[in-house]
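Structural overview
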Amino acid sequence: MLLYCFSGNGPSGIALSYLLAGNWPYYNGAVHPDEMLTTRLASAPPGRSIIQQDLRFLSQGLEGRSNNPVSLLMDTLNHPCADLGLELPSLLEWHHHPECQVDHIVIGKGPPGGSWQAMDGNVLTISLGSWMELPGIEFRAWEAAENAGVISYRDSRASVSSVARYYYDYVHKQSLARFFQSGCVVTSVRPLDTSRSQNTETIDPETGVQYSEPQALWQVEGFDLSDSIPFCYICRKVVLATGSTDVPNRLGIPGELANPTWVLHDLRSLEAAFDRLVDGEEGGREGVPTEPCCDPVLIVGAGLSAADAVIAARFRSLPILHVFRKTAALGTGSTQLPENMYPEYHKVHQMMGDGGASYPCYRALAEHTVLEISSDHKVRVIGPDNTVSVHRVSVVAILIGSRPDLNFLPPGLSLGVKPSEPVDCRSNPIAVDPYTHRVVKAPPGMYALGPLAGDNFVRFLQGGAVAITSHINKELRHYTVL
Ligand SMILES: Cc1cc2nc3c(=O)[nH]c(=O)nc-3n(C[C@H](O)[C@H](O)[C@H](O)COP(=O)(O)OP(=O)(O)OC[C@H]3O[C@@H](n4cnc5c(N)ncnc54)[C@H](O)[C@@H]3O)c2cc1C
């Protein structure tokens with residue numbers, strides 16, 4: 001019987017597949033700058049993987065940019081003191097144990113790499129390239145091999161297209177492709193045998209930690225996107241690793257969905273629309289134009305994706321109308337990013353602040369909201385003093401974030417930390433047990449990791465994968481699985 005089935009083939013699904021394939025992390029014995037952590041790591045019996053240890057004990061007292069303790073543990077072992085700007089060697093080594101392999105399948109809509117395969121490849125990552133890597137293949141070494149031996153600077157960012165290729169390559173180089181079922185969509189995940197899904201708790205004699213017997217069965221259904229052939233798996237466990245980007249947030253205004261060729265909600269199709277605009281013009285356009293040659297592109301939003309859209313339009317010398325609800329002074333999230341590493345976002349922030357004085361074809365409408373988009377390319381916008389203005393635009397880009405699509409789950413499951421609200425990766429992630437990543441408000445056998453569990457950066461995903469692998473290993477040692 002298939003033991004594990006997981007929905008989502010992004011970095012979370014890939015990292016978990018690597019661990020379930022029998023690749024386990026070990027502390028290499030080097031001293032960590034956190035003396036208490038070094039003491040805890042050194043107290044384990046020799047030759048014992050992190051997977052086999054008490055994760056609660058190992059991760060106690062750790063603090064950082066994740067709320068999940070095992071995510072902090074794995075991050076600080078992989079990248080000690082990274083947030084202090086240090087690049088210290090990892091304290092982990094990975095050993096392969098074929099006998100510990102757990103049968104599993106990773107299902108994803110696109111090629112391995114998840115949302116990275118669908119993003120605009122020209123954009124640079126926010127994170128350093130090395131923070132995008134998964135265990136066992138160093139990102140900078142991989143990149144150097146791709147680029148004829150040229151090694152990038154240690155504090156450089158990577159292009160999204162490189163990261164997407166790295167994840168795809170990773171699955172093949174680490175012999176994980178046999179576990180991946182790509183180009184398939186999961187449409188239904190249901191607990192099958194609810195009468196047997198009561199957990200029997202037991203205490204691990206070595207750690208004193210409580211674990212539960214795997215009782216429930218799950219039915220996972222979906223179909224292949226290329227030929228619509230359906231599939232159905234019955235499995236012991238289901239892991240939700242579907243990320244946060246499947247449903248773009250919408251303004252919910254008239255005309256937003258009625259004009260799909262020029263009212264867009266993602267950067268990738270926006271770039272194509274920008275190219276069409278440029279191609280449609282007479283002759284080439286070079287440099288910063290003084291006279292706009294087409295109606296402005298309307299960009300809605302003040303986050304980094306909206307900033308990317310401004311950069312993409314500016315690169316093509318297209319006139320821009322930028323509408324955002326915040327005051328210009330608040331600008332994009334870029335203000336929290338160091339200017340020397342993110343000059344492009346700081347430039348957009350400056351443009352938002354001066355309303356366009358530094359770029360003749362850019363106009364910012366701070367504290368404005370779009371009211372309506374009509375099919376003749378006119379948009380109605382309302383300002384802070386309730387003044388309504390009408391603008392003719394060529395393309396509308398609505399880039400105001402996205403949320404996960406969990407419609408494949410049974411109705412009525414409220415999985416978020418705030419059960420009365422829909423799951424949102426930033427404000428209401430799925431409530432998981434911090435040391436096993438079991439979904440707290442679901443029948444037994446369901447786990448979540450990555451942004452769904454509140455870890456919005458790749459650096460932290462490995463923690464969830466370790467917590468899940470550790471939990472199943474501890475269960476398997478106590479119980480015979482059918
Ligand atoms: C524009 C942008 C820039 C980012 N930049 C950075 C950065 O610089 N550094 C960083 O660390 N993080 C960054 N992130 C966040 C990063 O993308 C995520 O943390 C990471 O990709 C999460 O991995 P995941 O595997 O959990 O989910 P994803 O990468 O989202 O992969 C999940 C996959 O599952 C698929 N899926 C969903 N539902 C189903 C279904 N029903 N059936 C089959 N498949 C399904 C999805 O389509 C998706 O392809 C960025 C995100 C965005 C949107």
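Residues numbered from 1 in each chain as written. Predicted model: local features only at pLDDT ≥ 70, side-chain atom pairs only at ≥ 80, totals over all residues. Heavy atoms only, no water.

Examining the overall build of the chain
Looking only at helices and strands, the chain features 10 helices and 23 strands. Put simply, the chain has 482 residues, and 54% of those count as buried. For the chain, the proportion of contacts with a sequence separation of at least 24, taken over those separated by at least 6, is 69%. For the chain, the exposed area adds up to about 21,300 Å²; of that, 52% sits on carbon and sulfur atoms. (Helix = DSSP H or I, 4+ residues; strand = E, 2+ residues; numbered from the N terminus. Buried < 20%, exposed > 50% of the residue type's maximum accessible area, 1.4 Å probe, protein only. Contact = heavy atoms within 4.5 Å. Areas by Shrake-Rupley, 256 points an atom, 1.4 Å probe, with all protein chains shown as cover.)

Observations concerning the site of the ligand
Taken together, 31 residues lie around the ligand, and Ser12, Ser115, Ile126, Ser127 and Val458 are the ones closest in. Here an oxygen atom of the ligand and a backbone polar atom of Pro11 are 3.1 Å apart. In the model, a nitrogen atom of the ligand is placed 2.8 Å from a nitrogen or oxygen of the Val186 main chain. For the ligand, whose free accessible area comes to 990 Å², the fraction covered by protein is 87%. Counting residues per element, the ones that place at least two in the shell around the ligand are helix H1 (11-20), strand S4 (104-108), strand S5 (124-128) and strand S8 (184-191). Residues belonging to the shell around the ligand are distributed by class as follows: 15 nonpolar, 14 polar and 2 charged. (Near = heavy atom within 4 Å. Polar contact = N/O pair within 3.5 Å; in protein donor to acceptor, adjacent residues only side chain to side chain. Nonpolar A, V, L, I, M, F, W, Y, C, P; charged D, E, K, R; others polar.)

Things to note about the sheet that holds strand S18 (residues 369-374)
Ordered by their spatial adjacency, 3 strands build an open sheet running S18-S19-S20, and the pairing between neighbours is antiparallel. The sheet is open, and its two edges are formed by S18 and strand S20 (388-392), each paired on a single side. Sheet twist, expressed as the mean angle between neighbouring strand axes with direction ignored, is 25 degrees. Both strand S19 (residues 378-382) and S20 contribute to a ladder of 5 bridges, which runs antiparallel. Looking at the pairing, Val381 lines up with Ser389 of S20. (Pairing = 2+ DSSP bridges. Axes fitted to C-alpha atoms, helices over the stretch in contact; angles between N-to-C directions.)

Focus on the layout of surface pockets
Summary: where empty space remains is shown by rolling a probe the size of a single water molecule over the atoms. Estimated volume of the second largest pocket: approximately 330 Å³. What lines the second largest pocket is a set of 18 residues, and nearest its centre among them are Leu406, Asn407, Leu413, Pro422 and Val423. Looking at the lining of the second largest pocket residue by residue, the classes come out as 11 nonpolar, 4 polar and 3 charged. (1 Å grid on protein atoms, 1.4 Å probe; cavity = no way out; pocket = protein on both sides within 12 Å on 5 of 7 lines; lining within 4 Å. Points joined across faces, edges and corners; volume = space filled by probe spheres on them.)

Considerations on a nonpolar patch on the surface
On the surface, Leu84, Leu86 and Leu88 cluster together to form a nonpolar patch covering roughly 290 Å² of accessible area. By secondary structure assignment, the location of Leu84 is in the loop between helix H4 (69-78) and strand S3 (92-96). (Patch = residues over 30% accessible without salt bridge, like charges linked within 9 Å, V, L, I, M, F, W, Y side chains within 5 Å. Salt bridge = Lys/Arg side-chain N within 4 Å of Asp/Glu carboxyl O.)

Focus: the environment of Leu461
Counting through the fold element by element, Leu461 comes out in helix H10 (residues 461-478). Overall, Leu461 belongs to the buried group, its relative accessible area being 4%. Spatially, the C-alpha atoms of Leu461 and Pro11 are 7.5 Å apart, while their sequence positions differ by 450 residues. Leu461 has contacts with Pro11, Ser12, Leu449, Gly450, Pro451 and Asp455, leaving out every residue within four places of it along the chain.

A look at the pattern of salt bridges
Tallied over the full model, the rule gives 14 salt bridges. Glu146 is paired through a salt bridge with Arg165; the nearest N and O atoms lie 2.9 Å apart. Taken together, the residues span a long stretch of sequence, with Glu146 in helix H5 (residues 139-146) and Arg165 in helix H6 (residues 160-173) at a distance of 19 residues. Note on Arg165: relative accessible area 38%, which makes it partly exposed. Across the pair Arg316 and Glu271 runs a salt bridge, and its minimum N-O distance is 2.6 Å. Here Arg316 is found in the loop between helix H8 (304-315) and strand S16 (320-324), whereas its partner Glu271 is found in helix H7 (residues 267-279), with 45 residues between them in sequence. Exposure remark for Arg316: the relative accessible area of 14% places this residue in the buried category. Under the relative-accessibility criterion, Glu271 is labelled buried at 11%. Through salt bridges with shared partners, a single network forms among Arg65, Asp75, Asp83 and Arg459.

With respect to H8
When the terminal C-alpha atoms of H8 are compared, their 16 Å separation across 12 residues agrees well with the 16 Å that a helix rising 1.5 Å per residue should span. Within H8 the residues assigned to the buried category are Ala306, Ala307, Asp308, Ala309, Val310, Ala312 and Ala313. Structurally, H8 contributes buried residues whose contacts are with H7, strand S15 (297-300), S16, helix H9 (343-354) and strand S17 (362-366). Two residues or fewer past H8, Ser317 is found with a positive phi of approximately 60 degrees. (Expected span 1.5 Å × (residues − 1).)

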